[in-house]
Amino acid sequence: MKNAGRPVGRPQEIRLIGGLWKRSKLPVADLPGLRPTPDRVRETLFNWLGQDLTGWRVLDAFAGSGALGFEAASRGAAEVVLLEREPKLVASLNASRQRLKAQTLRIERADALAWMAAAAPAGFDLVLLDPPFDSSLLVPAMAAAVALVREGGFLYAESGALLSEAPAGFDIHRHARAGAVHFHLLRRGYTAAVETRRDAS
């Protein structure tokens with residue numbers, strides 16, 4: 001979660017918590033408004049998802065430090081697209097990608113809303129939405145993201161309040177709270193038949 005209240009100070013680091021690059025460090029740039037999704041929240045999310053994301057296509061729409069996107073790639077995702085507008089963060093993400101030899105990661109300097117609006121539909125198994133905590137971006141980001149999630153796929157969203165309802169075609173699959181942060185995992189059109197098709201793909 002990007003929290004505008006984090007004081008500007010010495011750059012920090014976070015550790016990936018699972019998969020191929022477990023315990024590897026990612027830098028957290030010294031920029032106002034940037035705070036990665038906490039370890040406990042990331043651990044809960046990937047427990048919900050089942051840890052092994054082999055073959056998945058993942059979009060991290062507000063990449064920031066890259067914590068969520070790198071966690072997905074570390075767990076076997078076939079392709080992870082990270083979107084970030086800030087040039088300093090794009091450079092940091094590219095440096096981490098090169099250091100970890102993360103060949104399945106693609107980093108694009110882009111406005112997340114514009115990028116998602118132009119993307120092909122149903123292209124991702126998982127879309128991750130963690131916009132700045134005090135912004136109004138979550139609602140338009142969810143509206144843009146829903147079309148990108150394939151049948152049976154997942155949409156993850158962090159916000160300051162519990163989502164009252166899921167977008168059309170989605171169910172709130174899981175929800176938890178960590179301090180002021182509510183985090184939600186939504187699933188599109190889940191049925192046993194969909195799960196069978198996903199397992200066979």
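Overview of the structure. (Residues numbered from 1 in each chain as written. Predicted model: local features only at pLDDT ≥ 70, side-chain atom pairs only at ≥ 80, totals over all residues. Heavy atoms only, no water.)

## What about the overall build of the chain?
To keep things clear, this is the line we draw: Secondary structure follows DSSP: runs of H or I at least 4 residues long count as helices, runs of E at least 2 residues long count as strands, and numbering of each begins at the N terminus. Contacts between residues were defined by any pair of non-hydrogen atoms, one from each residue, lying within 4.5 Å. A 1.4 Å probe and the Shrake-Rupley method give the accessible areas. Residues count as covered only by the protein chains that appear here.
Along the chain, the regular secondary structure elements total six helices and nine strands. For the chain, the proportion of contacts with a sequence separation of at least 24, taken over those separated by at least 6, is 63%. Counting every atom, the chain has about 9,300 Å² of accessible surface; 52% of that belongs to carbon and sulfur.

## Concerning the pairing of strand β4 (residues 79–84)
Note the cut-off: Relative accessibility thresholds used throughout: buried, under 20% of the residue-type maximum; exposed, over 50%; partly exposed, between the two (1.4 Å probe, protein chains only). By definition, the crossover connecting two strands over a helix is right-handed if that path, from the first strand to the second, turns clockwise as seen with the strands pointing away from the viewer. When DSSP finds two or more bridges between a pair of strands, those strands are recorded as paired.
With respect to burial, β4 is a largely interior element, five of its six residues being buried. Each parallel crossover has a hand, and the one from strand β3 (residues 57–60) via helix α2 (residues 67–74) to β4 is right-handed. Relative to strand β5 (residues 105–109), β4 runs parallel, the two sharing five bridges. Within β5, the residue paired with Leu83 across the bridge is Glu108.

## Describing unusual backbone geometry
Positive phi outside glycine occurs at Gln51, with the angle close to 70°. With respect to the helices and strands, the residue Gln51 is situated in the loop between α1 (39–49) and β3. We classify Gln51 as partly exposed; its relative accessible area is 30%. For Ala122, which is not glycine, the phi torsion reads 55° and is therefore positive. Position of Ala122 relative to the elements: it lies in the loop between α4 (112–118) and β6 (124–129).

## Describing the environment of Ala67
In this fold, Ala67 is placed in helix α2. The spacing of Ala67 and Ile17 is 50 residues in sequence and 9.6 Å in space, taken between C-alpha atoms. Apart from the residues within four sequence positions on either side, Ala67 is in contact with Ile14, Leu16, Leu26, Pro36 and Arg42.

## Examining helix α3 (residues 87–100)
Filter applied, for reference: One less than the number of residues in a helix, times 1.5 Å, gives the span that helix is expected to have.
Its 14 residues give α3 an end-to-end C-alpha distance of 20 Å, which sits within 8% of 20 Å, the value for a rise of 1.5 Å per residue. Of the surrounding secondary structure, the elements contacted by the buried residues of α3 are β2 (25–28), α2, β4 and β5. Where α3 terminates, the next one or two residues include Lys101, which has phi positive at roughly 55°.

## Comments concerning the packing of aromatic side chains
Here is the rule: A pair of Phe, Tyr and Trp rings is counted when the ring centres sit within 6.5 Å of each other, with Trp represented by its six-membered ring. The angle between the planes then sorts it: under 30 degrees is stacked, over 60 is edge-to-face, the rest tilted. We count a charge as sitting over a ring when the NZ of a lysine or the CZ of an arginine lies within 6 Å of the ring centre and within 35 degrees of the ring normal.
Evaluation of the coordinates by the stated rule reveals four aromatic pairs. Between Trp56 and Phe154 the ring centres are 5.9 Å apart and the planes differ by 5°, which places this aromatic pair in the stacked class. Placement of Trp56 in the loop between α1 and β3 and of Phe154 in strand β7 (residues 149–159) is noted, with a sequence separation of 98 residues between them. On the basis of relative accessibility, which here comes to 11%, the residue Trp56 falls in the buried class. Directly above the ring of Phe124 sits Arg57, whose terminal nitrogen or CZ lies 4.6 Å from the centroid. Here Arg75 stacks its cationic end above the ring of Phe46, 4.3 Å away from the centre of that ring.

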